[in-house]
Amino acid sequence: MHTSDNYTIMVISDPHLLAPSLHDGGKAAQQLDKSDMKLVLSSDLIIERMTSEIINAKPQLLLVSGDLTLNGERDSHERLAQHLKRLQRAGIKPLVIAGNHDVMCPYSKQYTGHEATAASSVTSEEFAHIYHDFGYGNDSHRDPNSLSYTCEPIPGLMLLCIDSNIYAHSGDTEVSYHTDGAVKPETLAWIKQQLALAQQGGKRVVAMMHHHLVEHIDGEAKLLPNYIVANHKELAQVLRDGGVKVVFTGHLHITDAATVGGITDVATGSASTYPLPLRTATIDPSLTTMTITTSFFNGIDKNILDMGRAKIEGSAPALAGIIARRLWPRMESRLKQYEPLLAEQGIDTSRLPQNASEVTALITRHLHEPLTQSLLAVSRGGEDPAQAPAIVEAVKQGVQSMMTDILGDGGQSVASFLLTNLMPRVEPTLRSALEDLNQVGTTTQSTTHDHHLTIKLIEK
């Protein structure tokens, strides 16, 4: 809550709102909701009630770090803007940035009866028009090459909102649905100019964008490259040189904070996905220190919250699919290499996986429990390091049982070989995720508390 001594900013991300006008709760809508980790059909109600809670908290600002809509539907944008206008009328300034789902999304649909049919999306300029009062108006400075902008919502504090989306083209039509992120060279040059102006004016700078700036899990840039800006090292250096100490992000739907190279990336989970996180950042009147706390919205029916948790618990097969698709290209070549050697040892190779789908089934069958526990942990953040050894051990046992499933009794020696050679490379990533660590095992290993942290906005 704002006092005469402090400024307060609240942060949400990835509301993925689907306007009530775009579904009737019928079969098509139910199928959509069943297939998604998000509480799609409850998203509007969640945001409506979350808006009321934010109004009661009385911050100066609300930041929303992208994926405002389910899939860029015009009706969903206009509906979210109605919620933001409620905040505006209550004296709170909402500020948004686009996510990869928000502009010219080819998956924009409405769900009526048994049918899912195309719905209107929005162009970049239409997006800026809808959110004119929420970052894109006359009191902001726009980048001519993207949906990036700056504004000064608090005297002496510049907010740098970076459009990290990749805009592809289908014929003559601009399409932004591309999970990966990158910042254009022209936008990087514009960012440098804005940071130089801020430094000349003695202003503090806080940044916001959709994709991650730094790795929240060791190896993220290789394992989950879609979720971190492709040119993140270059962008981080530009921000670092410009005095930026904190950037608010979203996209991966995890509640995590990571500090690398003096910049803290505060990733906030989805506002329509369990456990419905809210961040509150308090800045002292001299704009020297930011203190961030985290809460989880429970102002919604318990059955909706229970449904949301069940969705997370049931999403292990989807995570297994992501892992399998990442592993399969390398795994396929290795299997072809080792299959003759296994056959020479009298091992039946007929059950070796033939494609990524079969690998997905194997991972789901043998690693379901540790995957589920890991998903619950990273969704909420503030992981308990005491739980990590048991999950790591469950992964090892799962690998052993998987090898036996594939190769019979002969799989034990192969499993031992894999655990001896593979786990030393996998374990740092697991520990990073489950113990809230970054750069595990290096001289720069660090931990940043996900829920409670203090950031110095200026070096003395």
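Data block above holds the structure.
Now for a quick tour of the structure. Keep in mind that what you see is a predicted model, and the values were worked out from it rather than measured.

Attention shifts here to the sheet that holds strand β16 (residues 289–296). Spatially, the 6 strands line up as an open sheet ordered β3-β2-β1-β15-β16-β19, and their pairing is mixed. Sheet topology places β3 (93–97) and β19 (452–456) at the edges, where each strand pairs with a single neighbour. Recorded for the sheet is a direction-independent mean angle of 20° between the axes of neighbouring strands. Running at roughly 145° to β3, helix α3 (residues 74–89) makes contact with β2 (61–65) and β3 of the sheet.

This next bit is on the nonpolar core. Counting residues in each nonpolar core, the largest one holds 61 residues, and the members touching the most others are Phe127, Tyr131 and Phe248. Among the nonpolar cores identified, the runner-up in size contains 25 residues, and Ala324, Leu335, Val392 and Met403 belong to it.

Here we take up the sheet that holds strand β13 (residues 256–260). Across the sheet, which stays open at both edges, the 7 strands sit in the order β6-β7-β8-β11-β12-β14-β13 with mixed pairing between neighbours. With one partner strand each, in any of the chains shown, β6 (140–142) and β13 form the two edges of the open sheet. Ignoring strand direction, the axes of neighbouring strands in this sheet form an average angle of 20°. In this structure, β6 lies alongside strand β7 (residues 149–154), joined through 3 bridges in antiparallel fashion. Of the residues in β7, the one forming a bridge with His141 is Thr150.

Looking at chain direction, strand β4 (residues 109–112) and strand β5 (residues 115–118) are connected through 4 bridges and run antiparallel. When the bridges of β5 are listed, Lys109 appears paired with Ala118. Taken together, β4 and the strand that follows it, β5, pair antiparallel across an intervening segment of 2 residues, in which Gly113 is found at a positive phi of about 60°.

Let's shift gears to the packing of helix α8 (residues 302–313) against helix α10 (residues 356–380). In contact at an axis separation of 9 Å, α8 and α10 are set at 130° when each is read in the N-to-C sense. The angle between the axes of α8 and α10 places the two elements in the oblique class. Across from Arg309, Ile312 and Glu313 in α8, the residues of α10 making contact are His368, Thr372, Leu375, Leu376 and Ser379. Split by residue class, the contact of α8 with α10 holds 3 nonpolar, 3 polar and 2 charged.

Here Thr187 shows up in helix α5 (residues 185–200). A distance of 3.5 Å separates the side chain of Thr187 from the side chain of Ser146, its partner in a polar contact. Ignoring sequence-local partners within four residues, the contact set of Thr187 consists of Asp143, Asn145, Ser146 and Ser148.

This part is about the environment of Asp409. Structurally, the position occupied by Asp409 is in the loop between α11 (388–407) and α12 (411–421). Sequence-wise, Asp409 and Ile312 are 97 residues apart; in three dimensions their C-alpha atoms are separated by 34 Å.

This paragraph deals with the state of the cysteines. In the structure shown here, the tally under the stated rule is 0 disulfides. As a non-bridged cysteine, Cys151 has Cys161 as the owner of its nearest cysteine sulfur, 5.7 Å distant. In this structure Cys161 comes out as buried when scored by relative accessible area, which is 0%.

For the coordinates displayed, the defined rule picks out 13 salt bridges. Where Asp301 meets Arg49, a salt bridge forms, and the shortest distance between an N and an O atom there is 3.6 Å. Taken together, the positions of Asp301 in the loop between β16 and α8 and Arg49 in helix α2 (residues 43–57) put the pair 252 residues apart, joining distant regions of the chain. Taking the shortest distance from any N to any O, the salt bridge between Arg365 and Asp405 comes out at 2.9 Å. Highlighted residues: Arg365 in helix α10 and Asp405 in helix α11, separated in sequence by 40 residues. What makes Arg365 exposed here is its relative accessible area of 51%. Looking at Asp405, the relative accessible area reads 24%, which means it is partly exposed.

So, about the packing of α5 against helix α7 (residues 232–241). Two numbers describe how α5 lies on α7: the axes approach to 9 Å, and their chain directions differ by 15°. By the angle between their directions, the pair α5 and α7 is classed as roughly parallel. When the axes of α5 and α7 are compared, the crossing they make is right-handed. In this structure, α5 uses Leu188, Ile191, Lys192, Leu195 and Gln199 to contact α7, whose residues at the interface are Glu234, Leu235, Val238, Leu239 and Asp241. Residue composition of the contact of α5 with α7, by class: 6 nonpolar, 1 polar and 3 charged.

This part takes up a positive patch on the surface. Judged by side-chain charge, Lys222, Arg330, Arg334 and Arg425 come together as a positively charged surface patch. Here Arg330 shows up in helix α9 (residues 316–344).

On to the pairing of strand β8 (residues 157–162). Of all 6 residues making up β8, 6 are buried, and the element is well covered by its neighbours. In this structure, β7 lies alongside β8, joined through 4 bridges in antiparallel fashion. By the bridge assignment, Ile154 is partnered in β8 with Leu157. The loop that links β7 with its antiparallel partner β8 comprises 2 residues; one of these, Gly156, has a positive phi angle of about 90°. In the sheet, β8 pairs with strand β11 (residues 204–209) via 6 bridges, with the strands oriented parallel. In the strand pairing of β11, Ile162 is matched with Met209.

Moving on to α2. Its 15 residues give α2 an end-to-end C-alpha distance of 21 Å, which sits within 8% of 21 Å, the value for a rise of 1.5 Å per residue. Listed in full, the buried residues belonging to α2 are Ser43, Asp44, Ile46, Ile47, Met50, Thr51 and Ile54. Down the axis of α2, the smallest arc covering the buried residues is 150°, so these residues share one side. Considering only its buried residues, α2 is in contact with β1 (7–12), β2, α3 and β15 (277–283). The positive-phi residue at the C-terminal boundary of α2 is Lys58, with phi of around 55°.

Each value, and the rule that gives it
- Residues numbered from 1 in each chain as written.
- Predicted model: local features only at pLDDT ≥ 70, side-chain atom pairs only at ≥ 80, totals over all residues.
- Heavy atoms only, no water.
- Pairing = 2+ DSSP bridges.
- Helix = DSSP H or I, 4+ residues; strand = E, 2+ residues; numbered from the N terminus.
- Axes fitted to C-alpha atoms, helices over the stretch in contact; angles between N-to-C directions.
- Contact = heavy atoms within 4.5 Å.
- Core = buried A, V, L, I, M, F, W, Y, C linked by side-chain atoms within 4.5 Å.
- Buried < 20%, exposed > 50% of the residue type's maximum accessible area, 1.4 Å probe, protein only.
- Parallel < 35°, antiparallel > 145°, perpendicular 65-115°, else oblique.
- Nonpolar A, V, L, I, M, F, W, Y, C, P; charged D, E, K, R; others polar.
- Polar contact = N/O pair within 3.5 Å; in protein donor to acceptor, adjacent residues only side chain to side chain.
- Disulfide = S-S within 2.5 Å.
- Salt bridge = Lys/Arg side-chain N within 4 Å of Asp/Glu carboxyl O.
- Left-handed = near helix turned anticlockwise from the far one by under 90°.
- Patch = residues over 30% accessible without salt bridge, like charges linked within 9 Å, V, L, I, M, F, W, Y side chains within 5 Å.
- Areas by Shrake-Rupley, 256 points an atom, 1.4 Å probe, with all protein chains shown as cover.
- Lys, Arg positive; Asp, Glu negative; His and termini not counted.
- Charge placed at Lys NZ, Arg CZ, Asp CG, Glu CD.
- Expected span 1.5 Å × (residues − 1).
- Arc of directions from axis to C-beta.

Purely geometric stuff here, so don't read any function into it on its own.
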